[in-house]
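Notes for the structure review
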Amino acid sequence: MSVPSSAVGTAQIGVTGLAVMGRNLARNFARHGYTVALHNRTFARTQSLVAEHAADGTFVPSESMADFVASLARPRKVVIMVQAGAATDAVIDELVPLLEEGDIVVDAGNAHFPDTIRREAALRERGLHFVGTGVSGGEEGALNGPSIMPGGTAESYASLGPILEAISAKVDGVPCCTHVGPDGAGHFVKMVHNGIEYADMQLIAEAYDLLRHGLGASAPEIGEVFAAWNTGDLESYLIEVTAEVLAHTDAATGAPFVDVVADAAEQKGTGRWTVQNGLDLGVPITGIAEATFARALSGSAPQRAAARGVLPADTLEWNVPEPGAFIEDVRLALYASKVVAYSQGFDQIAAASAQYGWDIDRGAMARIWRGGCIIRAKFLDRITQAYERDANLPLLLADPYFTAAVANGVAAWRRIVAAAAVHGVPTPAFSSSLAYYDGVRADRLPANLIQAQRDFFGAHTYRRTDRDGTFHTDWSGDRAEQTW
Ligand code: 6PG
């Protein structure tokens, strides 16, 4: 089937890869009045989209990639929505020879940002724009308004940006889409979004576990607690989702749904990438790292089987005297730990922006995360305001609003982390976040001893508190100090 001559060069945007996310993005473009070129490796899927959703707007379906490209108006804008990795490279290889100077290729999958940097450079060599863009909000977001994080050149955004902003989620009339920065910046910020998502989800899971162990509460009872929390500072999509799944009953057994779900968390990889990059950049994203490792631990079946019933618990029996006060303590600890996780994530964005020369506006990132994405929350308004107060804020925790908000919960945070420890409930994200809070505010850390140890066995030198310079002590000789 070739494109009718009347349809050649008519589509303002095209989508290749019509699985659920690509399908819903194409429908979203059409619903906003754009003529949308369609292509999929299996033509039947293209045909079914047009047959089922013609009412959404104007589609131009093509069976071949050549016809798909021919149906696009110049500068052509092609959105690739296929699996990250080799599949994306394969589509790019098929597409690029058909394009002309100034055309724009958009990768809307969860690509690893180094791949995006490579692809952007390769297409730039051929006079083409390559835009790696994060799209967050799942299937529902793709259809009704995601948060969109495009990278690439300012020139490509001038042409592509208005279309992406039109289909993005809106908060107070403001699109949840903005130009993040050059080359891989968009996919990087999406990666950090997912890392923060992991931390957020782990913290919520730990709060659920604490209420389960501390109160012996049932899933529906805990769901009611989360529903109540969703009316205050913790209001967010993830808290809303949590209340929903905890209230759900499993049809097959009549038991609470979460009680029949296997306790082994999986991960597609974006959280892992975030932690690897945090290690590369030297940014202590402890909340995201603990959340990622907690998923790995939950999936470590052999180790868990070997440990279960063998490792002594040696815990105290848990009798919470005042359930209401305990629930409030958990809420305060959850909020404080969440601030730490977001503070760390935004530190990572700042470090990467400096490292890769992206000049990312963190306030703008918080602003476009207020809606459409998985971590969307009222909380992000507060972060946006913090960066409006100081665009170069060195530590989100040190913003006056967040300093006060966390200070309000520190005592509760300590009570909960201590209670979890003595009762044997694992809270890696809660406790590492408290350790980070105490570490980052400490006047003096024990790193002085580490420096002394390193100098003793490796002559790795150290600095002094009382004068500038780099020093080494001749430990194997007269232990005199030398200036290096
Ligand atoms: C989003 C989500 C999405 C992510 C899935 C699964 O922003 O819409 O983050 O991109 O791929 O949530 O992620 P994991 O398998 O890594 O949990």
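Residues numbered from 1 in each chain as written. Predicted model: local features only at pLDDT ≥ 70, side-chain atom pairs only at ≥ 80, totals over all residues. Heavy atoms only, no water.

- In the nomenclature of an unreviewed UniProt entry, the protein is known as 6-phosphogluconate dehydrogenase, decarboxylating of Cellulomonas avistercoris.
- Looking at the Catalytic activity (unreviewed entry) heading of the UniProt record, one finds this comment for the protein: "6-phospho-D-gluconate + NADP(+) = D-ribulose 5-phosphate + CO2 + NADPH".
- Quoted verbatim from the Sequence similarities (unreviewed entry) field of UniProt, the annotation for the protein is "Belongs to the 6-phosphogluconate dehydrogenase family." (UniProt positions renumbered as here; feature names shortened; annotations may be inferred.)

**Quick look at the site of the ligand**
- Around the ligand lies a shell of 15 residues, among which Asn 110, Ser 136, Lys 190, Glu 197 and Tyr 198 are the nearest.
- Here an oxygen atom of the ligand sits 2.4 Å away from a polar atom, N or O, in the side chain of Tyr 198.
- Taking Lys 268, its main chain carries an N or O atom lying 2.9 Å from an oxygen atom of the ligand.
- Bound to the protein, the ligand loses 80% of the 420 Å² it would expose on its own.
- The residue inventory of the shell around the ligand, partitioned by class, reads 2 nonpolar, 9 polar and 4 charged. (Near = heavy atom within 4 Å. Polar contact = N/O pair within 3.5 Å; in protein donor to acceptor, adjacent residues only side chain to side chain. Areas by Shrake-Rupley, 256 points an atom, 1.4 Å probe, with all protein chains shown as cover. Nonpolar A, V, L, I, M, F, W, Y, C, P; charged D, E, K, R; others polar.)

**Some remarks on the packing of aromatic side chains**
- In this structure the tally under the stated criterion is 17 aromatic pairs.
- Ring plane angle 85 degrees and centroid distance 5.5 Å describe the contact between Trp 318 and Phe 326, whose orientation is recorded as edge-to-face.
- Relative accessible area serves as the criterion here: at 8%, Phe 326 is assigned to the buried category.
- Relative to Phe 379, the ring of Tyr 342 has its centre 4.8 Å away and its plane inclined at 75 degrees; by these criteria the two rings are edge-to-face. Placement of Tyr 342 in helix α14 (residues 323-356) and of Phe 379 in helix α16 (residues 379-389) is noted, with a sequence separation of 37 residues between them.
- Relative accessible area serves as the criterion here: at 0%, Tyr 342 is assigned to the buried category.
- Its relative accessible area of 1% is what places Phe 379 among the buried residues. (Phe/Tyr/Trp six-rings, centres within 6.5 Å; stacked < 30°, edge-to-face > 60°. Buried < 20%, exposed > 50% of the residue type's maximum accessible area, 1.4 Å probe, protein only. Helix = DSSP H or I, 4+ residues; strand = E, 2+ residues; numbered from the N terminus.)

**Focus: the sheet that holds strand β2 (residues 36-39)**
- Pairing in this open sheet of 7 strands is mixed, and the strands run β3-β2-β1-β4-β5-β6-β7 from one edge to the other. Strands with a single pairing partner mark the edges of an open sheet, and in this sheet they are β3 (59-61) and β7 (147-150). The average undirected angle you get between the axes of adjacent strands in this sheet is 25 degrees.
- Two strands pair when backbone bridges link them, and strand β1 (residues 13-16) and strand β4 (residues 77-80) are joined in this way by 3 bridges, in the parallel orientation. Bridging from a neighbouring strand, Thr 16 pairs with Ile 80 of β4. (Pairing = 2+ DSSP bridges. Axes fitted to C-alpha atoms, helices over the stretch in contact; angles between N-to-C directions.)

**Some points on the environment of Arg 74**
- Within the secondary structure, Arg 74 sits in the loop between α3 (65-70) and β4.
- For Arg 74, a relative accessible area of 42% gives the class partly exposed.
- Along the primary structure Arg 74 and Gly 102 are separated by 28 residues, whereas in three dimensions their C-alpha atoms are 8.2 Å apart.
- Not counting the four nearest positions on each side in its chain, Arg 74 is found in contact with Glu 100, Glu 101 and Asp 103. (Contact = heavy atoms within 4.5 Å.)

**As for unusual backbone geometry**
- With an omega of -20 degrees, the peptide bond between Arg 74 and Pro 75 qualifies as cis.
- Note on placement: Pro 75 falls in the loop between α3 and β4.
- Here the phi dihedral of Asp 172 falls at roughly 55 degrees; this positive angle occurs in a residue that is not glycine.
- By the element assignment, Asp 172 lies in the loop between β8 (170-171) and β9 (174-175).
- Even without a glycine there, the phi angle at Thr 461 is positive, about 65 degrees.
- For Thr 461, the position within the fold is in the loop between α20 (447-458) and β10 (471-473).

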